[in-house]
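Given next are the chains, with one letter for each unit.
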Amino acid sequence: MESDTEDVQIDSDESLLDLKEINDVDLDIPDAAPPSLESVLWDMESEEGSDSASLHSFHSISMKFRSMLSHCILQGVSAQLNSAADKVNAGLPTVITNSLKYIAVGTSHGYILAFDSEQNLCWYCHDMNSADQGAISALAFNLECTRILIGYERGLVSMLDASNGDILRKLPDAHAPQTAVLHLRFTFLNNLALCGDSSGCVFSLSFHRRLGVRTWDSKCLFSGARGEVCVFEPLVRGHDIHFLSNHVLVAMATLSKVIMISVRPRLKVHFSQQMPRISTSLPLISWQLVSVGKSFQPVLAWGRGNELNFTRVLTHSLSNNRIRLLPLRSVVLPYAMISLHWLGTRHLALLDTCENMRLVEVRTQRELEVLEIASAGLVYGSAHFKALAVGGGVSEAFALAGERACYNSLSSRGDQLLILGTKAVHLIKLRTWPERLLYLSEQGKWAEALNLAAEEGLNKEKFTIILLDKYLENLNRNTVDKESLTAAINCCVKLGKIQILCNELLEAVCVDQNNQDWYYSLLADHVCNGNLTNLSPSVVQTLVSYLENKDHQLLENVLLSLEVTCLDLHQVLKICKKLKLYGAWIHITTKTLGDYTSPLTEFLSELSPDNHKLGNTMLVYVSACLAGLGYPTGNIPKKDISRVKYDILRCLETVHSINRKNDEPNYPYLYALLKYNTRECLNVVELAFAEPEFSGEMGLLQRQRLVQILIQVITPAHFSESEIITFVCFVSRLVMSNTLSVDEKMLDTVIIYLTQMVGSSLSVRDHLEREQAWLDLLKSHKLVRYTNKELLEMALSTKCFRVVEYLSEQLRDYSSILSCYIKDTVRKSEVFNYIVNYINVSERCIKEQFLVHFKELVKISSKKSSEIVIEFFPDLIEQFSEMLNDDTELQYNFLSDIVNSDIKLPPAVAEIYLEQLCINNKSVVHTYLQVMFCRKERALSITRKYDVHDATALLLEQNGEWIEALELLLKHEMIEEALNLSIRGSEHLDSQASQKLWLILLQYKGETESVTLRQLLHAAAPHVHPAQLLELVSNAQFGDIKGLLHDILSDCTHDVQMLSTTLKLLDKDLHHGLAKCLFSSGRGILVANLVCNSCQKSLTYRKELETAESIAVWSCGHCFHSSCVKAAEVKNTCPSCQLKAVLLKVAKKSDASLKDPYSNLNIRPDLEGHF
């Protein structure tokens, strides 16, 4: 997919099938009556070289006019098919295929018709012996077009001679019995073909000829039991590529996956990937040989539903016999596909479920054109997929997916696609580039034709010139539209047709002033964009005259972009000077005359501080010249660089101008630039000093001379303090970089400027630069003739506190450094970093200075001051607070930051802050008292003084005076706070006190807008007896107490239900516990050894005692004498394993008990069943 030449080379063998359309004149077709709708749709004859017939049957549904696809009806083929259906009962067409030489169509009654490239019927075949096989369901030509395979819907496969239609072979048992033939494909080997049937199996068909006898063999390659194959496609094109010459590759698609196998030299699976599971769509596959770099590689396009994928075939880097497939791209489409075919190597033709043919560019995935082909009556093969002719027998999934099967209804080769309709055969062809130009021009779509020529016409100049000539002829006959004129100018510019642009095209548009204006505006745009740099002088003259009255800035851009050789110098220089187009004037003058000083001498007399356009232009121009660069772009010729730099510098150092006036200052050109913008002018000089011309001994002298001139020019009489400070900083930078030697006179001048400029006109930037310059001179030891004390006094007088700090550091006098930070308006916020860094250095006495300047520090930042106090002076908070007593606002801010840091304040400070809160922010007093400790009596007096009632109530509550607090809140109608107080009182007071508190709240007669009576009753219900509640609300409306009564009844019902449920659960637990105990006590215990586990004697042995004997047996199996258990001093636990058990009494020993050792064990009955 690289170039048109490559496409022609690839498709040259396929272009042999050049299907020609029927011409009315050649066939002498008489005039007919007005056609019916059916005849318009199916029998429309197309004229030679026109697509008018296709526009009736297929119409483009694209929003924009397209020209990629050409459509026509193959009238010859269609007429023969209709004639065969009428005369010999051939039936409707069912399948179609084509090769390099022939087109073959199969019908529903078993007929095969073959046509050549001229649409002539070559032969037809109808085997009477195979008439019972039904419709033709599959056709396939071999690569050399000598053989054609025919498949029937009832299973028979035949081979015919493609040249005459003779039957050569019949293959009755080539595939699974009782199945329809769905697919037939030849490989690139003439003796090997593939067959697919409705059972989903794929068979290989091998053909041989031994001793003049034609034979064949069939072999199953893929069984439908492992997955039904819906479609397969062998790789035919590209078989001659060296690494595929010995491989027969076949791509197959089942309902669930796509598979690529090789049949020869051995059967092997190379690739397998899952398909999207869409039950109503069939999988689609198609091969194409695509140009990738300098080689060609097979690419497989496959997909299902709305998913489209591309996979290419590669060989292993070490062995060409190893094949691998590399996924290229996966695309999700906004529609579902039912057919997929390549048109050339760059485009895909996709047919969606609405029968819209969509042309898609493979590389960019753009949809170029859409044709609606629903009116073609596309033939579907759903009956073959359902195997209706042989009684069905296919799976439901296979039959459902085959509802829109049209594999054999479309056949593509090269850039042509045949579509089989019920009554006609349609041809869709991808137009070549010249054909598209011709078609668009004939349709009058000049804008699209010219844009297409501009895109791809660089290598096809002949067709482009023909198109432009046709367009110019059309302009002379018809009116000009702006869209086509824009496209024509764009085409001429891109293809370099300047003569046509400046002559023929201009003559054609000159008759209309509007078109002429549009023409010039388009030319100006192309010139400014850099697409057009050279025009004829006459056109440039008219263009300049046009822009002179329209847009001055655009005119300047055009003059800067055009070559000076096409300009009328007298015209453009005059206009530039008139319109003050300084940049264009400088560009033209320097390029044509090589005079780089004339811009300075010509325009600097007009320079003023308000003329920013000229000032900026001059500064940039001077900087570019001193750097050896052209203006506004480019470079000065190498041979002229030294001369240009010398001329510009000599001009700046000129003492007087040629036309000197009496009031003209010395060095007028340099003075003008400095006066316009001192800072930028000095920056230009500093950049120039970095050039090679200012290096070495001569360069140093030149630099020294220029600085001396600057000192003479920049004086307090003519320049402001800010400009003088800028110059001083410039000199200090040169001194620091050792690029300037300073004598005493120059140094005295600099020191005077540094120390005497104390006016308030300096900006912050100027002040900082002055301090930096002073520091640079100090660090470079240029001020050694002054003592540090003298310098310190000068620095203090000029308020250069950075210099004061530096000198104090040198003198090791740290007492004034902190005050320097405080007095410095720029750096005072940095004082806290200085304090934190050196607070632990005793030599600097930071803590003492902090105490002295504490108030000033709080003014700078109370937050940072409070952080330092908390970290380093937590015990002096009360003292710091007293320092701020005379400034309550400052004290309030400081204490606020202290409180926000969650540090505990001393009571006195906390009370001070409480009083300030009552003054400044009453809303947070209540919250403050909850977290901060204050003396109750003092706090109460403060809150009562400033009428902060909620805080007063909180303090009363904390003192236990609940009723007084409630009455205070009710007095000031703070109902919500009173309600919350009552709720808290219910949690801390006894029931009687709580009830009294609630009764006071409920008996309140004031307004309760924020809290309704219903909310009060609901909150009081758990704490007040219902009878008292009813007495209180006797005068209330039923609506207010309805909710209360409902809640009381609901709570009562709920309590009764909970009590009943609890009793039932308790009874059930007791029952299960008793049953479990009875079951455990009645279960037998296995005793493995009738020996006491304590004394190790027999359980029946007892010689000391003659009384009744008892034995203790535990559920763990351990047995003990009762006396041994008592000796172990345990209570109801096994002495061995500490397991709890019940001691069982054993009756007095008898003879029977001696015989039966288990007779002494009392077993409780099992009562589980009785419960």
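Residues numbered from 1 in each chain as written. Predicted model: local features only at pLDDT ≥ 70, side-chain atom pairs only at ≥ 80, totals over all residues. Heavy atoms only, no water.

Draft legend 1. Examining the packing of aromatic side chains more closely. One pass over the full model with this rule turns up 27 aromatic pairs. Taken together, the ring pairs connect Phe850, Phe854, Phe873, Phe880 and Phe894 into an aromatic cluster. When the ring centre of tyrosine 439 is taken as origin, the NZ or CZ atom of arginine 431, which lies over that ring, is 3.7 Å away. The positively charged end of arginine 844 is found above the aromatic ring belonging to tyrosine 838, 4.0 Å away from the centroid. (Phe/Tyr/Trp six-rings, centres within 6.5 Å; stacked < 30°, edge-to-face > 60°. Lys NZ or Arg CZ within 6 Å of the ring centre and 35° of its normal.)

Draft legend 2. Quick look at the packing of helix α20 (residues 612–626) against helix α21 (residues 641–652). It is at 8 Å that the axes of α20 and α21 come closest, and there the two elements cross at 135°. By the criterion of interaxial angle, the relationship of α20 to α21 is oblique. From α20, Tyr621, Val622, Cys625 and Leu626 reach across to α21, where they touch Val644, Lys645, Ile648 and Leu652. Of the residues contributing to the contact of α20 with α21, the split by class is seven nonpolar, no polar and one charged. (Axes fitted to C-alpha atoms, helices over the stretch in contact; angles between N-to-C directions. Helix = DSSP H or I, 4+ residues; strand = E, 2+ residues; numbered from the N terminus. Parallel < 35°, antiparallel > 145°, perpendicular 65-115°, else oblique. Contact = heavy atoms within 4.5 Å. Nonpolar A, V, L, I, M, F, W, Y, C, P; charged D, E, K, R; others polar.)

Draft legend 3. Quick peek at the sheet that holds strand β27 (residues 410–413). Pairing is antiparallel in the open sheet, where four strands are placed in the order β2-β29-β28-β27. Strand pairing shows two members of the sheet lacking a second neighbour, β2 (69–73) and β27, which therefore form its edges. Ignoring strand direction, the axes of neighbouring strands in this sheet form an average angle of 20°. Taken together, the five bridges between β2 and strand β29 (residues 425–430) define a ladder with antiparallel strand orientation. From the neighbouring strand, cysteine 72 faces β29, where its bridge partner is leucine 427. (Pairing = 2+ DSSP bridges.)

Draft legend 4. Spotlight on a negative patch on the surface. Together, Asp469, Glu473, Glu504 and Glu507 line one region of the surface with negative charge. Secondary structure elements with two or more residues in the negative patch: α10 (461–477) and α13 (504–509). By the secondary structure assignment, glutamate 473 is in helix α10. (Patch = residues over 30% accessible without salt bridge, like charges linked within 9 Å, V, L, I, M, F, W, Y side chains within 5 Å. Areas by Shrake-Rupley, 256 points an atom, 1.4 Å probe, with all protein chains shown as cover. Salt bridge = Lys/Arg side-chain N within 4 Å of Asp/Glu carboxyl O. Lys, Arg positive; Asp, Glu negative; His and termini not counted. Charge placed at Lys NZ, Arg CZ, Asp CG, Glu CD.)

Draft legend 5. Examining the sheet that holds strand β19 (residues 284–292) more closely. Reading across the sheet, the four strands line up as β19-β20-β21-β22 and stay open at both edges, with antiparallel pairing between neighbours. Either end of the sheet is taken by a strand with one partner, and the two such strands are β19 and β22 (323–332). Put simply, the sheet's adjacent strands are angled 25° from each other on average, direction ignored. Where strand β20 (residues 295–304) and strand β21 (residues 307–315) come together, six bridges link them in antiparallel fashion. Note on β21: the bridge partner recorded for leucine 300 is threonine 311.

Draft legend 6. Structural context of the packing of helix α34 (residues 862–872) against helix α36 (residues 888–900). It is the contact of α34 with α36, at a shortest axis distance of 9 Å, that shows an interaxial angle of 55°. Looking at the two axes, α34 sits oblique to α36. At the point where α34 passes α36, the crossing takes the right-handed sense. Within the contact between the two elements, α34 uses Ser862, Lys863, Ser866, Val869 and Ile870 and α36 uses Asn893, Phe894, Asp897 and Ile898. Partitioning the contact of α34 with α36 into residue classes produces four nonpolar, three polar and two charged. (Left-handed = near helix turned anticlockwise from the far one by under 90°.)

Draft legend 7. Up close: the confidence of the model for the chain. Of the residues in the chain, 86% reach a pLDDT of 70 or more, and the chain-wide mean stands at 81. Residue range residues 1–64 is modelled with pLDDT below 50. Its contacts to residues more than four positions away, or to other chains, number 121 contacts. Contacts from residues 1141–1171, a stretch scored under 50 in pLDDT, to residues over four places away or in other chains number 38 contacts. (pLDDT = per-residue confidence, 0-100.)

Draft legend 8. Molecular detail of the pattern of salt bridges. One pass over the full model with this rule turns up 28 salt bridges. Among the salt bridges present, the one from glutamate 403 reaches lysine 386, with a minimum N-O distance of 2.7 Å. Of the two residues, glutamate 403 sits in the loop between α7 (396–401) and β27 while lysine 386 sits in the loop between α6 (382–385) and α7, which places them 17 residues apart along the sequence. Judged by relative accessible area, lysine 386 falls into the partly exposed class, the value being 24%. Among the salt bridges present, the one from glutamate 769 reaches arginine 765, with a minimum N-O distance of 3.3 Å. Pair noted here: glutamate 769 and arginine 765 are both in helix α27 (residues 764–779), with a separation of four residues, about one helical turn. Here the residues in one salt-bridge network are Arg679, Arg765, Asp766 and Glu769, joined through shared partners. (Buried < 20%, exposed > 50% of the residue type's maximum accessible area, 1.4 Å probe, protein only.)

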